Amino acid sequence: MRAAARLFAERGFRGVGIEQIGAAVGIRGPGIYRHFPSKDAVLVELLVGISQHLLDAAREARRVGASALETLDLLVRGHVEFALDNPDLIVIHDRDLWSLPEPAEREVRRLQRAYVEQWVDVLRQVRPELDAPTARARTHALFGLINSTPHSATDLHRAEMAVMLHTMALGAARG
């Protein structure tokens, strides 16, 4: 999965063949078919899988957060970790979401909407004066800040970038 993600991020989904994915993991391309029925299935697993993971993590943060502020902190930390650990998936999502088969694209969008609503609910607890559309817009702006890492995280050490993103995102969320 990581090799496919790296290749898709570098060359685009349409620019990568099954032979290249196989070669990246030391097998012949058709060997991939023992694990996935098609190259499309690899992309589905990557994008649906990470969308479900993010939603599950947000639900867990809401379950364990002792207060709205602590929950917001957990949400920000989780998304920063995701962005720093998975820059290839951010690039793939931005560039190749349209390459998913329609049912998978709908599922990614459904999961993403549910993920956004987790944040919206928490932001509205932290900032009760925010209406839902404003909290939703703020959430998307926060994601833009954090998800810029594939383009901006190369000059700092990971730990420094994590602290900076966390601090900036919390400030923007509360401000």
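Definitions and limits used
Residues numbered from 1 in each chain as written. Predicted model: local features only at pLDDT ≥ 70, side-chain atom pairs only at ≥ 80, totals over all residues. Heavy atoms only, no water. UniProt positions renumbered as here; feature names shortened; annotations may be inferred. Helix = DSSP H or I, 4+ residues; strand = E, 2+ residues; numbered from the N terminus. Axes fitted to C-alpha atoms, helices over the stretch in contact; angles between N-to-C directions. Left-handed = near helix turned anticlockwise from the far one by under 90°. Contact = heavy atoms within 4.5 Å. Expected span 1.5 Å × (residues − 1). Buried < 20%, exposed > 50% of the residue type's maximum accessible area, 1.4 Å probe, protein only. Arc of directions from axis to C-beta.

An unreviewed UniProt entry lists the protein under the name TetR family transcriptional regulator, from Parafrankia soli.

J.: Would you mind showing me how to read the UniProt feature "DNA-binding region" (unreviewed entry) in the protein here?
T.: Per the UniProt record, "DNA-binding region" (unreviewed entry) is found at residues 17–36. Between the first and last C-alpha atoms of residues 17–36 the distance is 14 Å; the span itself is 35% helix and 0% strand.

J.: Just to check I follow, could you spell out the packing of helix H4 (residues 68–85) against helix H6 (residues 102–126) for this structure?
T.: How two helices sit against one another is set out by the angle between their axes and by the gap between those axes. At a minimum axis separation of 9 Å, H4 and H6 run at an interaxial angle of 145°. Seen from above, H4 lies across H6 with left-handed handedness. Residues Ala-68, Leu-69, Thr-71, Leu-72, Leu-75, Val-76 and His-79 of H4 pack against Tyr-115, Gln-118, Trp-119, Val-122, Leu-123, Gln-125 and Val-126 of H6.

J.: Looking at this structure, how should I read helix H9 (residues 158–174)?
T.: Given 3.6 residues per helical turn, the α-helix brings residues three or four places apart onto the same face. Compared with the 24 Å implied by 1.5 Å per residue over 17 residues, the 24 Å span of H9 between its first and last C-alpha is a close match. Inspection of H9 places Met-161, Ala-162, Leu-165, His-166, Ala-169, Leu-170 and Ala-173 among the buried residues, and these make up the whole buried set. Taken end-on, H9 shows its buried residues confined to a sector of 150°, consistent with a single buried face.

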